[in-house]
Amino acid sequence: MAVIVALGAFLMTLAGGWTAQRVTDRRHLVLGLAGGLMLGVVGLDLLPESLHAAGREVFGVPLALLLFVAGFLIAHVAERLLAVRQAAHGAENGGRVPQVGLTAAAAMVGHSLADGVALGAAFQVGGGMGVAVTLAVITHDFADGFNTYTLTRLYGNERRKALLMLFADAVAPVVGAASTLLFTLPEEPLGAYLGFFGGVLLYLAAAEILPEAHHKHPALSTLMCTVGGVAGIWLVVGLAD
């Protein structure tokens, strides 16, 4: 049953990516919405879920929060190192580093894989758990597809690569759900991964996507798209609970 439901997540992910590439003439609105969706996913979905799953503390601080900060810092350091390397080779792309976009998209694929595993585990528990997780996964996979395509293209990657990453992101929940027929991922490692991934996403949203959205179009409509993205994820989380 979980694999069948994951096919719905597959379609929603592709729908999100299709939407992102069809509105290129309103790029600032796309980026504003993507930033809001990512902020909402991190603050209202990933971080609470990671704190619940990886509950133990390390020197007085929850493990998930430590990895959240580590993810933010590693994303920052990696981008700076790649930018320096690109500048040393005289590359041009408006300062954008394509590898950063591909790495971020790969992290989105990993997140979607974890979604599929969570979906399969929820159906193993049975009852209303499977229904709740199904609603959460399918609805926010639209945002995942949207962000995967947007991130890949934002950093200067060609459309073919963006579509390839989008397809990988769409397939990932199906693979994750199918894997639970063979094994079950322990809760604590999954929570730790979600905390780390949340830090990476927050960095990309706050340091790259939102500044880019308002750089040339500091319009109220862009800001409203960002707020709308956060509100949309809040609605999804509330309905799932």
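Anything mentioned here points back to the structure above.
Presented here is a report on the structure given in the accompanying data block. For every chain, the first residue of the written sequence is number 1, and numbering continues from 1 onward in sequence order. The predicted origin of the model limits local features to residues at a pLDDT of at least 70 and limits the giving and counting of side-chain atom pairs to 80 or more, whereas totals for whole chains, interfaces and linings rest on all residues. Hydrogens are left out, water is left out, and the side-chain values use all remaining heavy atoms of the structure.

This next bit is on the overall build of the protein chain. A run of DSSP states H or I qualifies as a helix once it reaches four residues; a run of E qualifies as a strand once it reaches two. Both are numbered from the N-terminal end. A count of helical and extended segments in the protein chain gives 8 helices and 2 strands. Beginning at the N terminus, the succession of helices and strands in the protein chain can be written as α-α-β-β-α-α-α-α-α-α. Between buried and exposed lies partly exposed: a residue is buried under 20% and exposed over 50% of the maximum accessible area for its type, with that area taken using a 1.4 Å probe on protein chains only. Out of the 241 residues belonging to the protein chain, those deemed buried represent 45%. Every residue pair with non-hydrogen atoms within 4.5 Å of one another is taken to be in contact. In the protein chain, the share of contacts with a sequence separation of at least 24, taken over all contacts with a separation of at least 6, comes to 83%. By element, 71% of the accessible surface of the protein chain is carried by carbon and sulfur atoms, the whole surface being about 11600 Å². Surface exposure here means Shrake-Rupley accessible area, sampled with a 1.4 Å probe, where a residue is shielded only by the protein chains that are shown.

A few words now on the nonpolar core. Inside soluble globular proteins, nonpolar side chains tend to come together where they are buried. Among buried residues, the Ala, Val, Leu, Ile, Met, Phe, Trp, Tyr and Cys ones that are joined through side-chain atoms within 4.5 Å form a nonpolar core. By size, the foremost hydrophobic cluster in this structure holds 36 residues, and its most contacted members are Met-38, Leu-151, Leu-201, Leu-204 and Ile-209. If you list the elements that add at least two residues to this core, you get helix 2 (27-53), helix 3 (63-88), helix 4 (98-125), helix 5 (128-154), helix 7 (187-215) and helix 8 (220-240). Once residues lying within four places of it in the same chain are set aside, the contact partners of Leu-201 are Met-38, Val-42, Leu-46 and Met-108. In terms of nonpolar packing, the next biggest core, distinct from the first, is built from 8 residues, Ala-6, Phe-10, Val-174 and Ala-177 among them.

Glancing now at unusual backbone geometry. Negative phi values dominate among residues other than glycine, just as trans dominates among peptide bonds. With phi around 55°, Phe-59 is a residue other than glycine that occupies positive phi space. Its place among the elements puts Phe-59 in the loop between strand 1 (57-58) and strand 2 (61-62).

Now for the side chain of Thr-180. Position of Thr-180 relative to the elements: it lies in the loop between helix 6 (159-179) and helix 7. Polar side-chain contacts of Thr-180 include one of 2.6 Å to the backbone oxygen of Ala-177. Pairing of N or O atoms within 3.5 Å defines a polar contact, subject to two protein rules: one partner must be a possible hydrogen donor and the other a possible acceptor, and residues neighboring in sequence count only if both atoms are side-chain atoms.

Here is the rule: rings of Phe, Tyr and Trp (six-membered ring for Trp) pair when centre to centre is within 6.5 Å. Planes less than 30 degrees apart are stacked, more than 60 are edge-to-face, and the remainder are tilted. By the definition in use, this model includes 2 aromatic pairs. An angle of 85° between the planes, with centres 6.1 Å apart, marks the rings of Phe-10 and Phe-167 as edge-to-face. In this pair, Phe-10 sits in helix 1 (residues 2-22) while Phe-167 sits in helix 6, placing the two residues 157 residues apart along the sequence. Judged by its relative accessible area of 45%, Phe-167 falls in the partly exposed class. Aromatic pair Phe-72 and Tyr-203: ring centres 5.2 Å apart, planes at 90°, arrangement edge-to-face. Here Phe-72 is found in helix 3, whereas its partner Tyr-203 is found in helix 7, with 131 residues between them in sequence.

Once that is clear, we can look at the packing of helix 2 against helix 7. Helix axes are fitted only over the stretch in contact, all axes being lines through C-alpha atoms; the angle between N-to-C directions runs from 0 to 180 degrees. Here helix 2 crosses helix 7 at 155°, and the two axes come no closer than 8 Å. Judged by the angle between their axes, helix 2 and helix 7 are roughly antiparallel. As helix 2 packs across helix 7, the resulting crossing turns out to be left-handed. Note on residue categories: nonpolar means Ala, Val, Leu, Ile, Met, Phe, Trp, Tyr, Cys or Pro, charged means Asp, Glu, Lys or Arg, and polar means any other residue, Gly included. Its residues placed into classes, the contact of helix 2 with helix 7 shows 16 nonpolar, 9 polar and 5 charged. Oblique is the label for every angle not falling under 35 degrees (roughly parallel), over 145 degrees (roughly antiparallel), or within 65 to 115 degrees (roughly perpendicular). Two helices crossing with the near one rotated counterclockwise from the far one by less than a right angle form a left-handed crossing, whereas a clockwise rotation gives a right-handed crossing.

Attention now goes to a nonpolar patch on the surface. Exposure above 30% relative accessible area and no salt bridge define the residues that can form patches, which grow by joining like charges within 9 Å and nonpolar side chains of Val, Leu, Ile, Met, Phe, Trp and Tyr within 5 Å. Salt bridge, as used here, is a side-chain nitrogen of Lys or Arg placed within 4 Å of a carboxyl oxygen of Asp or Glu. A cluster of nonpolar side chains, contributed by Leu-220, Leu-223, Met-224 and Val-227, occupies part of the molecular surface with about 400 Å² of accessible area. Here Leu-223 is to be found in helix 8. Its relative accessible area of 44% is what places Leu-223 among the partly exposed residues.

With that settled, consider helix 6. The end-to-end C-alpha separation of helix 6 is 30 Å, in line with the 30 Å expected for 21 residues at 1.5 Å each. To get the bend at any residue, fit one axis to the seven residues that end at it and another to the seven that begin at it, then take the angle between the two axes. Approximately 30° is the largest bend angle found in helix 6, and it occurs at Val-171, with the proline Pro-173 only one to four residues beyond. Three or more residues of helix 6 are buried, namely Ala-162, Met-165, Leu-166, Asp-169, Ala-170, Ala-172, Pro-173, Val-174, Gly-176, Ala-177 and Ser-179. One less than the number of residues in a helix, times 1.5 Å, gives the span that helix is expected to have.

Our focus in this paragraph is the pattern of salt bridges. Inspection of the entire model under this criterion finds 2 salt bridges. For Glu-188, the salt bridge goes to Arg-56, with nearest N and O atoms at 2.4 Å. Remark: Arg-56 occurs in the loop between helix 2 and strand 1 and Glu-188 occurs in helix 7; sequence separation between them is 132 residues. The salt bridge partner of Arg-160 is Glu-158, with a shortest N-O separation of 2.8 Å. Look at Arg-160 and you get exposed, because its relative accessible area is 55%.

The subject of this paragraph is helix 2. Between the first and last C-alpha of helix 2 there are 36 Å, a value that for 27 residues agrees with the 39 Å anticipated at 1.5 Å per step. The sharpest bend along helix 2 reaches about 35° and sits at Val-42.

A word on the environment of Leu-51. In this structure, Leu-51 sits in helix 2. A sequence separation of 11 residues divides Leu-51 from Pro-62, and the C-alpha atoms of the two residues are 7.1 Å apart.

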